[in-house]
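As a plain string of letters, each chain reads:
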Amino acid sequence: MTLKQNSVTIIYCSQTGQAKAIAESIYDLAASNQFEAEIHCVSGYDKKFKLNEITNPVVFVCSTTGDGEVPETGFRCWNRLKRKEDDKFLSNLNYAILGLGDTNYTTFCGGPKSFHSKFQDLGGKCIYGPFWADDGTGLDIEVEPFKDGLWNALRSFLSKDQSSALNTESIAPVVDNAAQAVEDKLKELSLTDTELTIPVLAEKILTYTISEPHDLLTNKEEQLKLYLDITSSTEIYEAIVNSNDIITDKTSAKTCYDLKFTPENIHILENDSLAKAPSADFSYGPGDAINILCPNNSEEVKSLLTRLNVKSNEDVISIKSSNPKKISGRKYVELTEKNKLSIFNFFTYCVDIRHSSIKKGLIRMLANYCSDNSDEKRLLEFCSKEGSELFQSLVKEPQLSLLDLLNMFKSCKPPLDHLIQNLSPLVIRSYSLCSFYSKTDKNELETVFNIVNFDQSMGRTYSRQGIATGYLSKLKSSEKVFFFKRKFQGFTFPSDEDLQDKPLIMIGPGTGIAPFISYLRSKDADKNSKSNLVLFYGCRDPTKDFLFKSEVLNFSTTVLSNCYLSFSRVSNIENESDILKKSYQKNAKYVQDSIRMNSKEICHLIHEKSAYVYICGDAANMSKDVLKCFVECLANECNLSVEDSNKYFLDMMKNKRYKQDIWA
Ligand code: FAD
Ligand code: NAP
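Notes on the structure in this doc start here. It should be emphasised that the depicted structure is a prediction, and the values quoted were computed from it without experimental measurement.

Topic: the side chain of Asn 291
Next up, step 1: Examined against the element boundaries, Asn 291 turns out to sit in strand β10 (residues 289-292).
Next up, step 2: For Asn 291, a relative accessible area of 13% translates into the label buried.
Next up, step 3: Here Ser 430 takes part through its side chain, which lies 2.8 Å from a polar atom of the side chain of Asn 291.
Next up, step 4: Setting aside chain neighbours within four positions, we find Asn 291 in contact with Ile 428, Arg 429, Ser 430, Phe 482, Phe 483, Phe 484, Lys 485 and Arg 486.

Next comes the structure, spelled out in structure tokens:
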């Protein structure tokens, strides 16, 4: 029996492209499930679609940015919905929701959860889900079951048998802490005798052709257009590197760079041609971050192309889709249509060849091209439903790259077009600015970053550095770097009027100090400022990795009312200056120890003086431990229950008095 074609509207709200890619893969599955689908970016709200007028079911895929915020593309939609109070406004809306987040952050899936609850307040009905996928443990753990059950759920709903409309609570319980769920489930798996549930191999729809050798990105205009096309932006800043110095000691376990660069030009795309404005005056405030364009490592790209048997790496690649209705790879079709790209440059600038691309769909495709049965079998295990834990622990956790997989499964020879179709786009990386913008000074931007190292272990077949930090660390004076304005600037500091006599407590261990340096520099320059500023900074060893040491110590005697230092790997600071000794309390290992040791004073600032609290840096452990420490301290000092103290800080977050700019 042929099912009648049903229709569905897919809407995605994406920050880095993950939600978009998932929405597109759902769109591509619609036809084979007898559904007619249309797809929109949420930014088309009220322009391309009217949410209150859609009568067919909506599939909403939404990611999270910052510490639980709605992605930039969703701002307009969210701001409009937020203000609405009519509880029938979305009474037509029947939706399935898949949220993407990361349990490393305090507010897991904050963006999609905000939409979900607002949809319901406005009369919308959730007909499938919610599913909250956790990047901390692997998005696929929730994404795959969402996709598996979606079509049946939509069919049940459309057949008006709403009582049987699936709710995931029954088929895939919503687990906010997916990490724990995985741990609970994790046991030794032997899949040898198990019948595996293998995902369907996505049909190959891309084809590529190669024309004569032609190296392209030597032409600057071509290069800039490519960058704009890649990021779908209309403006790009071109900056010149002034210096890029290592600011940690040679013996430090971490290597931190201090990159300084000056924007020279802003290139603006107008009617497909580039206009250049000279000496771009890039203005920003403390707490702002920029997005830097960082290509893949060229040696890794060369090795990958060699392994893929692609020899003519200077030839022009043209990618076409045999099924224009499908979205997979459409971006790559457009990129190669608009830009004369060599295969090498395509792999260098356009696709992620590391762990972000390694998803079950890609593994399924690789399995299809193995000549050796055991290679094929293992790859099928990895992508099967039953092999989820294996995939997680052996592939996702070690953050294996595409080249690692191809090195491991030597008989696997995927064709380039089917491979490209399964690769995620390469995304830009954000960096907080530690410079201070002043109209009168030379407009030099400064940022600090620690090199991310992946050694050759846990199945990784070669050692490497993080995509961005590896690239940035190699930049030399007078070389160019390209960046974009970051629209989401949620870490702005309170103005002097807002602050008045309220204290500002800043917590930024390691490179997390960056935005505070920018702020303190601005305060230092403003001789009239009388703000009550408190800084908590931590590093391993003051002789090795104390970032901006002399500046911070100077601030401790000028703009800071109090500076608390903690050192995690040393306690003997005999040879340090008296100023440093004054800010260090013996045995303060982490910033939380300094907070605990000064609990009375800090809680007084928060509770009695209505202090603002700003935290920047690591989201995996530090920011959570700091919040926990604050909750405990306030509970003790103010005789509150832990629940009430917790609520106190959640209220502070809601009122933007406790802000976090954190990254896992
Ligand atoms: P990737 O190739 O993307 O690999 C990162 C992976 O390595 C992660 O999945 C993680 O699991 C692992 N990893 C191990 N150790 C670390 C570590 N110490 N940091 C990050 N990942 C690690 N970073 C800065 O160094 N300085 C900044 O000022 C800064 N500002 C940021 C501002 C914002 C708003 C955001 C969102 C992020 C900021 N980051 C900053 C993080 C930065 O964008 C990159 O994520 C980071 O530099 C790693 O990039 P990469 O491409 O080298 O690593
Ligand atoms: P780091 O050098 O790893 O750590 C700095 C100090 O913090 C060390 O002394 C470290 O001690 C200590 N530390 C470790 N675990 C801690 C915990 N649970 N609580 C408190 N302190 C802890 O710092 P980093 O490499 O610069 O890392 C900062 C992270 O923030 C990076 O991931 C970076 O990408 C990110 N970042 C984000 C932003 C942003 O989102 N705006 C800005 C800047 C940086 P030990 O190592 O001795 O345990």
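Overview of the side chain of His 418
Next up, step 1: Among the secondary structure elements, His 418 is positioned in helix α15 (residues 416-421).
Next up, step 2: Residue His 418 is classed as buried on the basis of its relative accessible area, which comes to 2%.
Next up, step 3: A distance of 2.7 Å separates the side chain of His 418 from the side chain of Tyr 369, its partner in a polar contact.
Next up, step 4: Those residues in contact with His 418 that lie beyond four places of it in its chain are Leu 201, Ala 202, Glu 203, Lys 204, Met 365 and Tyr 369.

Quick look at the nonpolar core
Next up, step 1: Within the largest apolar cluster, 57 residues are counted, with the highest numbers of intra-cluster contacts made by Phe 346, Phe 347, Leu 362, Leu 366 and Ile 420.
Next up, step 2: Broken down by element, this core gets its largest block of residues, 6 residues, from helix α10 (residues 343-350).
Next up, step 3: In this structure Phe 347 touches Asn 296, Val 301, Leu 304, Leu 305, Leu 308, Ile 353, Leu 416, Ile 420 and Leu 423, once residues within four positions along its chain are discounted.
Next up, step 4: Formed by 36 residues, the second largest nonpolar core is a distinct cluster that contains Cys 434, Ile 517, Phe 546 and Val 559.

Some remarks on the sheet that holds strand β19 (residues 533-539)
Next up, step 1: One open sheet accounts for 5 strands, arranged β20-β19-β18-β21-β22; its pairing is parallel. Only two strands of the sheet have a single neighbouring strand rather than two, namely β20 (560-567) and β22 (658-663). Within the sheet, the average angular offset between the axes of one strand and its neighbour, ignoring direction, is 10 degrees.
Next up, step 2: Sheet analysis places strand β18 (residues 504-507) next to β19, joined by 4 bridges and oriented parallel. Bridge pairing in β19 places Met 506 opposite Leu 535.
Next up, step 3: Relative to β20, helix α19 (residues 549-557) is tilted by about 140 degrees, and along the sheet it contacts β19 and β20.
Next up, step 4: Sitting on the sheet, helix α23 (residues 622-637) is in contact with β18, β21 (612-618) and β22, with an inclination near 150 degrees to β21.

Definitions and cut-offs
Residues numbered from 1 in each chain as written. Chains lettered and ligands numbered in written order. Predicted model: local features only at pLDDT ≥ 70, side-chain atom pairs only at ≥ 80, totals over all residues. Heavy atoms only, no water. Helix = DSSP H or I, 4+ residues; strand = E, 2+ residues; numbered from the N terminus. Buried < 20%, exposed > 50% of the residue type's maximum accessible area, 1.4 Å probe, protein only. Polar contact = N/O pair within 3.5 Å; in protein donor to acceptor, adjacent residues only side chain to side chain. Contact = heavy atoms within 4.5 Å. Core = buried A, V, L, I, M, F, W, Y, C linked by side-chain atoms within 4.5 Å. Pairing = 2+ DSSP bridges. Axes fitted to C-alpha atoms, helices over the stretch in contact; angles between N-to-C directions.

By themselves, these observations are geometric and do not establish any function.
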